[in-house]
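Working through the structure, step by step
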Amino acid sequence: MSEFDDWLTIRSLPLDRARDHLRDIRKLGVPIDDVAIFQTSGTSGEPAIVVLPSSFLEYSFGISMARFDRHQRKLVRKIRKLGTRVTVTGGNGHFLGVGFNRLVRHLYPRLTRELTFIEAGQPIDWLVEGLNAIPKVAWISTYPSTLTTLVKEKEAGRLQIEPVVFSTGGETLTDDLRERVFRAFPSLKYGILDTYGCTECPAMSFVCSHGRKHVHNDWVILEAVDEAMRPVPDGTLSATVLLTVLANDVQPFIRYDLGDCIRFYADPCPCGSPFRSFQVQGRQATLVRVGEVTLSPLVFDLEHEQARRIQLVQTSERDFEVRIELADEAAAGVVFEEVIQSVKQVFRDNGLEDVAVTESGEPPELTASGKFHEVLSVRDSDSRS
């Protein structure tokens, strides 16, 4: 960001002017001159200011429609007749999730007239009440972490909606969550569409009718690389991935380190598409490191029948605290003790005996962009302060 003024190919938007625009939440989704401005949440460091030209919006819509196969085009037409499309996202800032919808609504209101927006960061009771108040919810677009909350509320009988499709993005959708969603929502006739994109390139890939993610190779270059930034063979999990965006001529992203671990398929996709397909494993920035041991957030079972949200926060290398949003009339002491013992057992199973896990009076918190991470590493915590 220190080179922002030299990075952009236009000189009408210096960094100070961009930051002034971002400080005013009333300008969310409002273009400045002929460009749109968003910011990242800074999960892996300093938040980035991302500038998208008007041509990028045309690219995003055009390329997405062009890559729909016959099945997916029929799906869109059917869902429009079945009910309302809802986006559950948010964040207190100029983040892409809500900002892009606002931008499209500002420029092309006809495209968003069937779309309802609900703030993801509000209390869970309000979120459930808002969704239940919509007569027919057909399609929900949200983060996987928010989808986890919706699943829990559906399992508890508080959420009454019967959507026919979910679309997710912004985080990793695990196989376990996917299976749990299908059990909780038998109404999902058209399944889950899990997209892969980022603020720097929202339309990075598309999902085919066989469920694989495909890179828009003609507009985007994704390189799976090891720790030394050398290419890894197809079928091998990368240490990170480098992004080059050919559709943004205002702010060129060239071999930009996203921090995601991906694996390109070694075999052709059954759908017949010539575009490369891949899997996303997750972000390096979310890994928990204690001494020489590195743990995935997925190894912690942060579920309890008397809790709505549980969050494990790493406050220093060997110190962790547990934050819990309790269900109604739950006994806090019992829930905290059981969750803490479960977390300590994970550490013991991985050879970590000298790790402190304590109860916190703080509530679980969402990221600046409205996502909920069950596990926050030291790096995550530092980037939000």
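Going by the structure above, here's the rest.
Everything in this summary refers to the structure shown in the same document. (Residues numbered from 1 in each chain as written. Predicted model: local features only at pLDDT ≥ 70, side-chain atom pairs only at ≥ 80, totals over all residues. Heavy atoms only, no water.)

A look at a negative patch on the surface
The line we're drawing: Nonpolar side chains (Val, Leu, Ile, Met, Phe, Trp, Tyr) are joined into patches within 5 Å and like charges within 9 Å, using only residues with over 30% relative accessible area and no salt bridge. Areas reported here follow the Shrake-Rupley algorithm with a probe of radius 1.4 Å; residue values treat only the protein chains shown as occluding. A carboxyl oxygen of Asp or Glu within 4 Å of a side-chain nitrogen of Lys or Arg is what we treat as a salt bridge. Charge counting treats Lys and Arg as positive and Asp and Glu as negative, with His and both chain ends excluded. All charge positions are set by atom: Lys at NZ, Arg at CZ, Asp at CG, Glu at CD. Here a helix means four or more residues in a row that DSSP labels H or I, a strand means two or more in a row labelled E, and each is numbered from the N terminus.
On the surface, Glu 3, Asp 5, Asp 6 and Asp 16 cluster together to form a negatively charged patch. Mapped onto the fold, Asp 5 is located in helix H1 (residues 4-7).

Description of the pattern of salt bridges
Rules: Burial status follows relative accessibility: with a 1.4 Å probe on protein chains alone, a residue under 20% of its type maximum counts as buried, one over 50% as exposed, and anything between as partly exposed.
Tallied over the full model, the rule gives 19 salt bridges. One salt bridge connects Asp 354 with Arg 318, and the closest N-O pair in it is separated by 2.9 Å. One end of the pair, Asp 354, is in the loop between helix H9 (332-349) and strand E19 (356-359); the other, Arg 318, is in the loop between strand E17 (307-316) and strand E18 (319-326), and 36 residues separate them in sequence. We classify Asp 354 as exposed; its relative accessible area is 52%. Each of the salt bridges in this network shares a partner with another, and the network as a whole consists of Asp 125, Glu 153, Arg 158 and Arg 308.

Observations regarding helix H5 (residues 96-107)
Test applied: Here the expected length of a helix is defined as 1.5 Å per residue gap, with one fewer gap than residues. Only heavy atoms enter the contact rule, under which two residues are in contact if any of them lie within 4.5 Å.
Helix length check: H5 (12 residues) gives 16 Å between terminal C-alpha atoms against 16 Å at 1.5 Å per residue, within 8%. Every buried residue belonging to H5 is among Leu 96, Val 98, Gly 99, Phe 100, Asn 101, Leu 103 and Val 104, and all of these are buried. Where the residues of H5 are buried, they touch strand E1 (35-39), helix H3 (54-67), strand E3 (84-89) and strand E4 (115-119).

Some points on the nonpolar core
Most often, soluble globular proteins keep nonpolar side chains buried together rather than apart. The test is simple: Here, nonpolar core means buried Ala, Val, Leu, Ile, Met, Phe, Trp, Tyr and Cys residues that are tied together by side-chain atoms lying within 4.5 Å of each other.
Within the largest apolar cluster, 31 residues are counted, with the highest numbers of intra-cluster contacts made by Tyr 196, Cys 201, Met 204, Val 220, Leu 222 and Leu 243. Elements supplying a minimum of two residues to this core: E1, strand E2 (49-53), H3, H5, strand E10 (220-225), strand E11 (240-245) and strand E13 (260-264). Tyr 196 has contacts with Pro 202, Met 204, Ser 205, Lys 213, Leu 222, Val 241, Leu 258, Asp 260, Ile 262, Phe 278 and Val 280, leaving out every residue within four places of it along the chain. Core analysis: the next-biggest nonpolar cluster, separate from the first, contains 24 residues, Val 128, Leu 131, Ile 134 and Leu 159 among them.

Notes on the side chain of His 304
Spelled out, the test is: Any pair of N or O atoms that falls within 3.5 Å is considered a polar contact. Within protein, one atom must be able to donate a hydrogen and the other to accept it, and sequence-neighbouring residues count only if both atoms are side-chain atoms.
Mapped onto the elements of the fold, His 304 is located in the loop between strand E16 (293-295) and E17. In this structure His 304 comes out as buried when scored by relative accessible area, which is 15%. Of note is the side chain of His 304, whose polar atom sits 3.0 Å from the backbone nitrogen of Gln 306. Of note is the side chain of His 304, whose polar atom sits 2.6 Å from the side chain of Glu 338. For His 304, the residues in contact, after removing those within four places along its chain, are Ile 310, Val 335, Glu 338 and Val 339.

So, the layout of surface pockets
Threshold: The definitions used throughout rest on a 1 Å grid laid over the protein atoms alone, on which a cavity is an enclosed set of points accommodating a 1.4 Å probe that cannot get out and a pocket is an open set flanked by protein within 12 Å on both sides along at least five of seven lines; lining residues are those having an atom within 4 Å of a point. Grid points are joined across faces, edges and corners, and a volume is the space filled by probe spheres set on the points. Classification convention: Asp, Glu, Lys, Arg as charged; Ala, Val, Leu, Ile, Met, Phe, Trp, Tyr, Cys, Pro as nonpolar; all other residues, Gly among them, as polar.
Roughly 170 Å³ of volume is contained in the second largest pocket. Within the residue set of the lining of the second largest pocket, elements represented by two or more residues are helix H7 (144-155) and E17. With three residues, H7 is the largest single contributor of residues to the lining of the second largest pocket. By residue class, the composition of the lining of the second largest pocket is three nonpolar, one polar and eight charged.

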